[in-house]
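# An overview of the molecular structure
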Amino acid sequence: MNLRIILTAPPRPVAPGRRYGYLAFCLALAGWHLRWLAEHAWTRSHDVITVVIVALVLNHLAFRFRWPKAVAAGLRVTACAWCAAGLCWWAWRMAAGGF
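Residues numbered from 1 in each chain as written. Predicted model: local features only at pLDDT ≥ 70, side-chain atom pairs only at ≥ 80, totals over all residues. Heavy atoms only, no water.

This part takes up the overall build of the chain. Within the chain one finds four helices and zero strands. Against the globule reference of 13 Å for 99 residues, the chain gives a C-alpha radius of gyration of 16 Å, more extended than a compact globule. The principal-axis extent of the C-alpha atoms belonging to the chain is close to 40 × 30 × 20 Å. Across the 99 residues in the chain, those meeting the buried criterion constitute 24%. Long-range pairs, those at least 24 residues apart, make up 67% of the contacts in the chain with a sequence separation of at least 6. (Helix = DSSP H or I, 4+ residues; strand = E, 2+ residues; numbered from the N terminus. Rg over C-alpha atoms; globule rule 2.2 N^0.38 Å. Buried < 20%, exposed > 50% of the residue type's maximum accessible area, 1.4 Å probe, protein only. Contact = heavy atoms within 4.5 Å.)

Scanning all chains against the criterion turns up three aromatic pairs. Between Y22 and F25 the ring centres are 6.2 Å apart and the planes differ by 35 degrees, which places this aromatic pair in the tilted class. Here the residue Y22 and the residue F25 both occupy positions in helix 2 (residues 16-39), the gap between them amounting to three residues, near one helical turn. On the numbers, 6.3 Å between centres and 25 degrees between planes, the contact of W32 with W36 is stacked. Pair noted here: W32 and W36 are both in helix 2, with a separation of four residues, about one helical turn. W32 gets classed as partly exposed once you look at its relative accessible area, which sits at 44%. Overall, the relative accessible area of 25% leaves W36 in the partly exposed class. (Phe/Tyr/Trp six-rings, centres within 6.5 Å; stacked < 30°, edge-to-face > 60°.)

Taken as a whole and judged by the stated rule, the model has one salt bridge. Residue E39 pairs with R35 through a salt bridge whose shortest N-O separation is 3.5 Å. Remark: R35 and E39 occur in helix 2; sequence separation between them is four residues, near one turn of the helix. What makes E39 exposed here is its relative accessible area of 51%. (Salt bridge = Lys/Arg side-chain N within 4 Å of Asp/Glu carboxyl O.)

Below you can see the structure in the form of structure tokens.
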């Protein structure tokens, strides 16, 4: 497979209830997290949840919904880059003494 096929291939068929249900779950989780952050004092460990929620939403949007080819490619590159950056950040934090 070449990179163009990977970035523009249509997603596998999934039941709409499952696709939109998971999106609603991710967005509800993000809303809960934002509300929780507003009510509590910030600590460094709260960053982890934010990175994970953004990764979940980006990956779900990129790989489970149909988009025009340019949008799909951009979302998929962004989702993969976010996951790679998140993993590097996590490894750096663990090497620096944990959370």
